[in-house]
Amino acid sequence: MAEEYDFDVVVVGAGFAGLYALHKFRDELHLNVRVYEAGDGVGGTWFWNRYPGARCDSESYYYCYSFSPELAQEWEWSGRYPEQPEIERYLNHVADRFELRRDIQLSTRVTAAAFDDEATRWTIRTDRGDTVTARFLVTAVGCLSAPNVPDIPGLDDFAGDVYFTAKWPREPVDFTGQRVGLVGTGSSGIQATPEIAAQAAHLTVFQRTPNFSIPARHKAFLSEDQAKIKDGYDEIFALTRESFAGFPFHPVDRKTMSVPEDERQAILDGLWEEGGFKFLWGGFVDLTRDPEANEIASEYIRNKIRETVKDPETAELLCPKGYPYGAKRPPIDTDYYETFNRDNVTLVDVSAAPIEAITPTGLRTMTAEYELDALVFATGFDAMTGALTRMDIRGTGGVALADAWSDGPRTYLGLQVAGFPNLFTITGPGSPSVLLNMPVAIEQHVDWIAECIEYLREHGCSRIEATEAAQEAWAEHVAEVGEASLFARANSWYVGANIPGKPRVVMPYAGGQPMYRERCEAVRDAGYEGFVLDGAAR
Ligand code: NAP
């Protein structure tokens, strides 16, 4: 039955962010909270992305919550990079352990939210017919959750099965004996390729832009690894909160050109053997800043691809050119390049000959037709803004968030939007979000929002809204730092380039965690500078 209730806080989403927000607001602030979640289970991105090979590419012992030392001590990670089912289990454990389920309504998508200026309340509507009100609306919708379904003619006429990595079915998919086509070679496609190739009769990978992928080098943990991690958690979590990107390491202070060539090669070899994201910042400090340094690392990766892939033509097609390593979110993989040595795998370059149509029996490019039994789209997301603008969120004067952001997202600290009082956006655009280890970014935002709500309560305030001036100044700073960063130099979801017509803006804040945290804390310490509280600007 449809509900009509009034809450202190409505949270949208029950992934990493929504679960912690519920715990924090309900159990520490003693607020009356309701979480709506579209999925029929908790987990957010780790609920939906259950495609073959889905595995976290940050390491388990720091891609987790730090807010509860007891939770950290009792949970055992099985290895370096947990697979999707293990993270989903972890998040279900969190939901049970903190008794969160009773305040989460599953299988319910928030479709609209409108701010009532007079009542100082949000009215929230769901696809189940609920209409509820809340003093605060907190979005915990994830940065990579609104799937990008490419507009390819004929998709509906395909006779075989169509899958999206971003909303993979719960029931296992069996590709045995099938000719499978996979579109997309970002992190998802790169993880799914070896797994599907091992099962299918034939896999055709349709690649538009090659990626620089580094071996993950996954390994299972031994009990002594687990004990060492648990003993070190205090230090690990302290480091994740102070380092540039939320990892428990500081980048080395060594420039690429400061070491002789043989030593440089040895350092890169070491990083390649170690595997993972560390390749970008664990050897040299300047890969993200100095084009010459970046090109050395980029060419190193290309040479590894050429060494691994036996067919020189395929190898060359897999070598990224024309953009620097790290400008697109770097994937890490298990046997991705090796998979192209299999007899049952073909790589098709759809930048040279674009996809024209899906036919009832397959896929047609400008130059050839491919017969397929199943199609897998690993085509990514309308990142950072899509999950927010696809909801009909309306602020003061009935202005839609989608309209307010028609030239690109503008926020104050990625936490609030001028004209949308009492709306908080966890890991919103304009905050470090996807450029940080996500659980760290999430915890920092939830803690900041909780402190802010507590402050309002202590000061008898019921309303907070970012000023236009503070938002403009912050948006300018985000743009300036973003334009100067590596991320401006490739067509990626970081800049909205994967979605036709989306304004090109570096959406996450690229200034790093330390500067961002300091700024958030300074704003708080100044009594929420840049915000208007109950009609009075601070
Ligand atoms: P993505 O990085 O945006 O990659 C999408 C791929 O689809 C790209 O290769 C893109 O080509 C291609 N594509 C899109 N539309 C197309 C079209 N119409 N025709 C042909 N090709 C098309 O998406 P993703 O792989 O899902 O990854 C998104 C992000 O999610 C990652 O960067 C990462 O942050 C996160 N992620 C994390 C993990 C993990 O932790 N394990 C795993 C998966 C994803 P272009 O490059 O030419 O646009």
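Located above this text is the structure these notes cover.
Keep in mind that this is a model prediction, so the values were computed, not measured. (Residues numbered from 1 in each chain as written. Predicted model: local features only at pLDDT ≥ 70, side-chain atom pairs only at ≥ 80, totals over all residues. Heavy atoms only, no water.)

Caption draft 1: Region of the structure containing the site of the ligand. Neighbouring the ligand are 23 residues; R55, D57, S188, T209 and K328 lie closest to it. In the model, an oxygen atom of the ligand is placed 2.7 Å from a nitrogen or oxygen of the D57 side chain. Here an oxygen atom of the ligand sits 2.9 Å away from a polar atom, N or O, in the side chain of R208. Coverage of the ligand by the protein chains reaches 87% of its 910 Å² of free accessible surface. Counting residues per element, the shell around the ligand draws most heavily on helix α5 (residues 187–199), at three residues. Of the residues contributing to the shell around the ligand, the split by class is eight nonpolar, 10 polar and five charged. (Near = heavy atom within 4 Å. Polar contact = N/O pair within 3.5 Å; in protein donor to acceptor, adjacent residues only side chain to side chain. Areas by Shrake-Rupley, 256 points an atom, 1.4 Å probe, with all protein chains shown as cover. Helix = DSSP H or I, 4+ residues; strand = E, 2+ residues; numbered from the N terminus. Nonpolar A, V, L, I, M, F, W, Y, C, P; charged D, E, K, R; others polar.)

Caption draft 2: The arrangement of the nonpolar core in detail. Within the largest apolar cluster, 139 residues are counted, with the highest numbers of intra-cluster contacts made by F25, Y65, Y90, F175, F279 and W448. The element that contributes the greatest number of residues to this core is helix α14 (residues 438–458), accounting for 10 residues. Not counting residues within four places of it along the chain, the set of residues in contact with Y65 comprises G15, F16, L19, Y20, L71, Y90, L91, V94, F237 and E443. Of all hydrophobic cores here, the second largest spans 23 residues; its members include F7, V12, A134 and F420. (Core = buried A, V, L, I, M, F, W, Y, C linked by side-chain atoms within 4.5 Å. Buried < 20%, exposed > 50% of the residue type's maximum accessible area, 1.4 Å probe, protein only. Contact = heavy atoms within 4.5 Å.)

Caption draft 3: Structural view of the pattern of salt bridges. As enumerated under the stated definition, the model contains 34 salt bridges in all. Between R463 and D117 there is a salt bridge, with the nearest N and O atoms lying 2.5 Å from each other. One end of the pair, R463, is in the loop between α14 and β19 (464–466); the other, D117, is in the loop between β4 (110–116) and β5 (121–126), and 346 residues separate them in sequence. Owing to a relative accessible area of 18%, R463 belongs among the buried residues under this scheme. A salt bridge links D382 to R390; the nearest nitrogen and oxygen atoms lie 3.9 Å apart. Given the relative accessible area of 11%, D382 is considered buried. (Salt bridge = Lys/Arg side-chain N within 4 Å of Asp/Glu carboxyl O.)

Caption draft 4: Looking closely at the packing of helix α6 (residues 223–242) against helix α16 (residues 513–525). Contact geometry of α6 with α16 gives a least axis separation of 8 Å together with a crossing angle of 80°. When the axes of α6 and α16 are compared, the pair comes out roughly perpendicular. For the pair α6 and α16, contact is made by T240, R241 and E242 and by Q513, P514 and R517, respectively. Looking at the contact of α6 with α16 residue by residue, the classes come out as one nonpolar, two polar and three charged. (Axes fitted to C-alpha atoms, helices over the stretch in contact; angles between N-to-C directions. Parallel < 35°, antiparallel > 145°, perpendicular 65-115°, else oblique.)

Caption draft 5: Fine view of α6. With 20 residues, α6 extends 28 Å from end C-alpha to end C-alpha; this agrees with the ideal 28 Å at 1.5 Å per step. The largest bend in α6 is about 65°, located at G232. Burial in α6 covers these residues: Q226, I229, K230, G232, Y233, I236, F237, L239 and T240. Buried residues along α6 sit against α3 (69–74), α14 and α16. (Expected span 1.5 Å × (residues − 1). Bend = angle between axes of the 7 residues up to and from the residue.)

Caption draft 6: Looking closely at the sheet that holds strand β13 (residues 355–359). Strand order in the open sheet formed by three strands is β13-β14-β15, with antiparallel pairing between adjacent strands. Strand pairing shows two members of the sheet lacking a second neighbour, β13 and β15 (369–371), which therefore form its edges. Averaged over neighbouring strand pairs, the angle between their axes works out to 15° when direction is ignored. Pairing of strand β14 (residues 362–365) with β15 involves three bridges; the strand directions are antiparallel. Bridge pairing in β15 links G362 to E371. (Pairing = 2+ DSSP bridges.)

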